[in-house]
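Here's the letter readout for the chains.
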Amino acid sequence: MTKTGKTRRRRKEARPDEILRAALEEFDDKGFAHSTLAGIATRAGISRTTIYLYYDTKEAIFEAAIRNSVERAIDDVAGIANAAKGDFRTLFSNAIDVIYDRLVKGNAAIFFRILVAEGHLMPDLVGFYHREILSKGEMAIRALIERGIATGELSEDCRSDDMHLFVSPAIFAALWVRLFNRIDPLDIDAFKASHVRLVTDALLARP
């Protein structure tokens, strides 16, 4: 294969990621409803017809962008629950680090804002996000709780707690950063530390 051919191949392989990055910019700037495939193509520096080689619709791009960023983070959180070593406080702190670094500080927070603002216009995408992201995140946190119970660090009563409570501060932080940070900045690291402390202290203190 010629050097030109190799360059073209690398370019083709990288194109889906380029499209997703351009889509995030488009969604962040215009929201979902007012974003267009033409706008995404322009930001990616490609033709609109090229997008159809990879994605059929704007909705498909939105789902792929979520999988590319948010779902990967959730998978990493699930991996922490299966770590070979570590006490509950350390593992929970590590999981929350991933959530804040990737979903609160990162571009993934764009999805939270769009779904809150426009979710009533795109119920299928809201259902997708709940099914593929939130439910998996809940399962990952539940796995951490189960591990803590198995090691004797946590009471079995913790099993009946609502998993939403353990991650809801991160969702609040993601929305705050996207909506209010310019007028009332949130110290994310301090907020994250408080999140970990409140949850772990409460769970570990139960008899």
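The shown structure was predicted, so the numbers you read here are calculated from the model rather than taken from an experiment.

Moving on, we come to the confidence of the model for the protein chain. On average, residues of the protein chain score 88 in pLDDT, and 93% of them are at 70 or above. Between residues 1-10, whose pLDDT stays under 50, and residues either more than four places distant or in other chains, the model counts 2 contacts.

Next up on the list: the domain arrangement of the protein chain. When cut into domains, the protein chain gives domain 1 (1-55) and domain 2 (63-205). Each of domain 1 and domain 2 has a C-alpha centre, and the two are 29 Å apart. Taken together, the contact pairs 9 residues of domain 1 with 12 residues of domain 2. For the domain 1 and domain 2 pair, buried surface summed over both sides reaches about 900 Å², with 70% attributable to carbon and sulfur atoms. A per-residue breakdown of the area domain 1 buries against domain 2 is headed by Leu24, Asp28 and Phe32, which together make up 55% of the total. Taken together, the links from domain 1 to domain 2 amount to 2 salt bridges. Between Arg178 and Asp28 there is a salt bridge whose closest N-O contact spans 2.4 Å. The interface formed by domain 1 and domain 2 holds 4 residue pairs in polar contact (both at pLDDT 80 or more) in total. Across the side of domain 1 that touches domain 2, the residue classes break down as 6 nonpolar, 1 polar and 2 charged.

What follows concerns the nonpolar core. Side chains of a nonpolar character, in soluble globular proteins, are inclined to be buried together. Counting residues in hydrophobic clusters, the biggest one holds 63 residues, and the most contacted among them are Ile61, Phe62, Val70, Phe92, Phe111, Leu144 and Ile145. Looking at this core, the elements with two or more residues in it are α1 (3-30), α2 (37-44), α4 (58-81), α5 (88-104), α6 (109-118), α7 (123-150), α8 (164-179) and α9 (188-204). Top element by residues in this core is α4. It accounts for 11 residues. Two domains each provide a minimum of three residues to this core, namely domain 1 (1-55) and domain 2 (63-205).

Here α5 crosses α7 at 170°, and the two axes come no closer than 10 Å. One finds that α5 runs roughly antiparallel with respect to α7. Judged by residue contacts, Phe88, Leu91, Phe92 and Ala95 of α5 engage Ile141, Leu144, Ile145, Arg147 and Gly148 from α7. Partitioning the contact of α5 with α7 into residue classes produces 7 nonpolar, 1 polar and 1 charged.

On to the environment of Ile188. Take Ile188: it is sitting in helix α9. Taking the C-alpha atoms as reference points, Ile188 and Ala174, 14 residues apart in sequence, are found 9.4 Å from one another. Discounting chain neighbours no more than four positions away, the residues touching Ile188 are Tyr100, Val104, Lys105 and Val177.

Calculation criteria
Residues numbered from 1 in each chain as written. Predicted model: local features only at pLDDT ≥ 70, side-chain atom pairs only at ≥ 80, totals over all residues. Heavy atoms only, no water. pLDDT = per-residue confidence, 0-100. Contact = heavy atoms within 4.5 Å. Domains from an automatic or database assignment. Buried area = accessible area lost by both parts, 1.4 Å probe. Salt bridge = Lys/Arg side-chain N within 4 Å of Asp/Glu carboxyl O. Polar contact = N/O pair within 3.5 Å; in protein donor to acceptor, adjacent residues only side chain to side chain. Nonpolar A, V, L, I, M, F, W, Y, C, P; charged D, E, K, R; others polar. Core = buried A, V, L, I, M, F, W, Y, C linked by side-chain atoms within 4.5 Å. Buried < 20%, exposed > 50% of the residue type's maximum accessible area, 1.4 Å probe, protein only. Helix = DSSP H or I, 4+ residues; strand = E, 2+ residues; numbered from the N terminus. Axes fitted to C-alpha atoms, helices over the stretch in contact; angles between N-to-C directions. Parallel < 35°, antiparallel > 145°, perpendicular 65-115°, else oblique.

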